[in-house]
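Architecture at a glance
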Amino acid sequence: MSLDVSPQLLAEAENGEVREQDFVETVRTSLPYAYDLIARLAEELRSGTAEFADNQTPPPSETERGQLLRALSSDAIRGSLERHFGIALAFQNCHRVAAFRPEARGGETHARFTSLRAQILNQSPEFRDC
């Protein structure tokens, strides 16, 4: 299971729309490694002048790697985090996630980061089972 959904949030969902801030809070508490990593990248992007901020450090364990994979593989979770932090996310492998400014999506640097070539060049044998 990806998220620890409270009975209150479940009731909200059963009765209609869920407030995005409640969903993001559930993501924060359920997937703390992924949330904190993306929050850090968003802050690095905001405070710097680089075109993107990315993580190249592997997670400390498979638990954290699983959190990151669950967060980025769910359209709802990923989209909510992008809106919450005001960023566009790009993902290359088990842990290389990058935060771009939303207007950079589809631009030259974003296209290069998400290209087939970049994916191939960012591979190594230790990523085969991640």
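Relevant structure appears above.
Notes on the structure follow.

About the cut-offs
Residues numbered from 1 in each chain as written. Predicted model: local features only at pLDDT ≥ 70, side-chain atom pairs only at ≥ 80, totals over all residues. Heavy atoms only, no water. Salt bridge = Lys/Arg side-chain N within 4 Å of Asp/Glu carboxyl O. Helix = DSSP H or I, 4+ residues; strand = E, 2+ residues; numbered from the N terminus. Buried < 20%, exposed > 50% of the residue type's maximum accessible area, 1.4 Å probe, protein only. Axes fitted to C-alpha atoms, helices over the stretch in contact; angles between N-to-C directions. Left-handed = near helix turned anticlockwise from the far one by under 90°. Contact = heavy atoms within 4.5 Å. Nonpolar A, V, L, I, M, F, W, Y, C, P; charged D, E, K, R; others polar. Pairing = 2+ DSSP bridges. Phe/Tyr/Trp six-rings, centres within 6.5 Å; stacked < 30°, edge-to-face > 60°.

1. Brief notes about the pattern of salt bridges
- Using the criterion set out here, one finds 9 salt bridges in the structure.
- A salt bridge links R28 to E25; the nearest nitrogen and oxygen atoms lie 2.5 Å apart. Residue R28 and its partner E25 are both found in helix α2 (residues 20–30); the two are separated by 3 residues, about one turn of the helix.
- Looking at R28, the relative accessible area reads 35%, which means it is partly exposed.
- In this structure, the salt-bridge partner of E62 is R65, at a minimum N-O distance of 3.2 Å.

2. Digging into the packing of helix α3 (residues 32–47) against helix α5 (residues 75–85)
- It is the contact of α3 with α5, at a shortest axis distance of 11 Å, that shows an interaxial angle of 35°. At the point where α3 passes α5, the crossing takes the right-handed sense. In this structure, α3 contributes Y35, I38, A39, A42 and R46 to the contact, and α5 contributes L81, H84 and F85.
- Of the residues that constitute the contact of α3 with α5, the class distribution is 6 nonpolar, 1 polar and 1 charged.

3. Let's talk about the pairing of strand β2 (residues 88–91)
- Pairing geometry for β2 and strand β3 (residues 97–100), over 4 bridges, is antiparallel. Within β3, the position partnered with F91 by the bridge is V97.
- Remark: 5 residues form the turn of the hairpin made by β2 and β3, two consecutive strands paired antiparallel.

4. A short note on the sheet that holds strand β1 (residues 52–54)
- Taken in spatial order, the 3 strands make up an open sheet running β1-β3-β2, and their pairing is antiparallel. The sheet is open, and its two borders are formed by β1 and β2, each paired with just one other strand. Adjacent strand axes in the sheet meet at a mean angle of 25°, parallel and antiparallel pairs treated alike.
- Examined bridge by bridge, β1 and β3 share 3 bridges and lie antiparallel to one another. When the bridges of β3 are listed, D54 appears paired with A98.

5. Quick word on the packing of aromatic side chains
- In this structure the tally under the stated criterion is 4 aromatic pairs.
- Look at Y35 and F85: their rings are 5.3 Å apart centre to centre, the planes differ by 55°, and that puts the pair in the tilted class. Pair noted here: Y35 is in helix α3 and F85 is in helix α5, with a separation of 50 residues, a long-range link.
- In this structure an aromatic cluster arises from ring pairing among F52, F100 and F113.

6. Remarks on α2
- Among the residues making up α2, those that are buried are D22, F23, V24, T26, V27 and S30.
- Packing partners of the buried residues in α2 comprise α1 (7–15), α3, α4 (62–73) and α5.

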